[in-house]
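Inside the fold
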Amino acid sequence: MYAIAVKDSHLHWCEHNDLPSPGGSEILIDVAWAGMNRADVLQRDGGYPPPKGASEILGLEVSGVVASIGPAVERFRVGDQVCALLAGGGYAEQVLVNEAQALRIPQGMTLRDAAALPEVFATAWLNLFMEADLREGERVLLHAGASGVGTAAIQLCRAFNNPCFVTVGSQDKIEACQSLGADGGWNRHDGSFVEAVQNWGGVDVVLDPVAGEYIEWNQQVLNLDGRIILIGFMGGRETSVDLARMLMKRQRLIGSTLRSRSPAGKGSVMDALYAHVWPLLENGRIKPLIDRTFSIQEADEAMRYLEENTSTGKVLMGVSGA
Ligand SMILES: NC(=O)c1ccc[n+]([C@@H]2O[C@H](COP(=O)([O-])OP(=O)(O)OC[C@H]3O[C@@H](n4cnc5c(N)ncnc54)[C@H](OP(=O)(O)O)[C@@H]3O)[C@@H](O)[C@H]2O)c1
């Protein structure tokens, strides 16, 4: 098969060993579309190796058609249209994945749009509703609000009655986030967000992929019993924490990652998406926001585009392009 290989920090579409037949609960997917994620940039640069046993090929999510199934597979048949959350291997013509990590695509949705779902909706759901245990009416601060994860999280907040405020890198992105359902926004290039979020009324939960100096600022805008869910460190891995404030305000700082979870752990997030989010995708209340598509042969250009920080929503690559 063909797959993306990394050579000298560039992505090349080239021949790769064929995958084995699926065993046990695995399904083999003919990839139609692959989603690009910020983590793929880190992996290309050697800063985010795949978990033990996972494919070395980049790519954390795909949509496609089931080509063959392992002997213990219960949920899928050959020919089903699926999307899947991966530990790796998505930038390829085919990928093997445990059936727990795949879902049938929502009714009425194209394979293209379905490729934009697994990684960002699983991340947003896991961290808002499972890790932070977000309750109806609680207020949320979303950093990188116009990212793939951010645009999914805004829509989940709106659907589940949680007012949200975003930080982003431009006025255009604030407006895009507001049109998705954000109640307010702050341009991160204008300095600290603390006063703006305090004036908005403070928050109960922060979804933070930035870290660095944001951690102390997050602490200043958190209400009593507030939770900071740390999902990345685009702003730096070193920070200072005000432990007195943390203790007095009963704040919690929770680190979270999706990729290293077991197939069953990823499957439990996918099952929650199927129960709570798939109906909203099928009735059109939530829509994946797709910024731009490329062909897989243009993966290198697509990744440079993602790194420019101008995208709002998802960048996808057509593999079979079905
Ligand atoms: N822990 C997990 O399980 C998990 C899972 C998925 C994603 N993530 C993390 O979630 C984040 C979003 O992922 P994604 O794939 O959705 O991203 P994306 O679509 O590539 O968007 C990332 C956005 O982050 C903003 N940004 C970049 N550098 C920044 C910095 N130094 N400080 C503040 N903002 C910055 C930029 O928007 P602006 O210029 O508009 O701010 C950029 O467009 C990433 O950090 C990713 O690693 C974590």
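Residues numbered from 1 in each chain as written. Predicted model: local features only at pLDDT ≥ 70, side-chain atom pairs only at ≥ 80, totals over all residues. Heavy atoms only, no water.

Let us now look at the overall build of the chain. A tally of regular secondary structure across the chain gives 11 helices and 15 strands. Computed over C-alpha atoms, the radius of gyration of the chain comes to 19 Å, within 12% of the 20 Å expected from 2.2 N^0.38 for 322 residues, which places it in the range of a compact globule. In terms of overall dimensions, the chain has a C-alpha envelope of 55 × 40 × 35 Å along the principal axes. Within the chain, contacts between residues at least 6 apart in sequence are counted, and of these 68% link residues at least 24 apart. Total accessible area on the chain is roughly 13,800 Å²; 48% of this is exposed by carbon and sulfur atoms. (Helix = DSSP H or I, 4+ residues; strand = E, 2+ residues; numbered from the N terminus. Rg over C-alpha atoms; globule rule 2.2 N^0.38 Å. Contact = heavy atoms within 4.5 Å. Areas by Shrake-Rupley, 256 points an atom, 1.4 Å probe, with all protein chains shown as cover.)

A word on the environment of Leu280. In this fold, Leu280 is placed in helix α10 (residues 278–282). For the pair formed by Leu280 and Ala115, sequence separation is 165 residues and the distance between their alpha carbons is 17 Å. The residues contacting Leu280, other than those within four sequence positions of it, are Ala159, Phe160, Arg285 and Ile286.

Tracing the sequence through the fold places Gln155 in helix α4 (residues 148–159). Apart from the residues lying within four places of it in its own chain, the contact partners of Gln155 are Phe121, Leu180, Arg285, Ile286 and Lys287.

The next point concerns empty space enclosed by the protein. Per the counting criterion, the structure on display carries one cavity of 30 Å³ or more. Around the largest cavity sit Ala116, Val120, Phe121, Gly148, Thr151, Ala152, Gln155, Pro288, Leu289 and Lys314, which together line it. For the lining of the largest cavity, the secondary structure elements donating two or more residues are α3 (118–131) and α4. Looking at which element gives the most residues to the lining of the largest cavity, the answer is α4, with four residues. (1 Å grid on protein atoms, 1.4 Å probe; cavity = no way out; pocket = protein on both sides within 12 Å on 5 of 7 lines; lining within 4 Å. Points joined across faces, edges and corners; volume = space filled by probe spheres on them.)

Turning to the UniProt feature "domain: Enoyl reductase (ER)" (unreviewed entry) in the chain, a few remarks are in order. The feature "domain: Enoyl reductase (ER)" (unreviewed entry), as annotated in UniProt, sits at residues 7–317 in this numbering. Its end C-alpha atoms 19 Å apart, residues 7–317 is made of 31% helix and 26% strand. (UniProt positions renumbered as here; feature names shortened; annotations may be inferred.)

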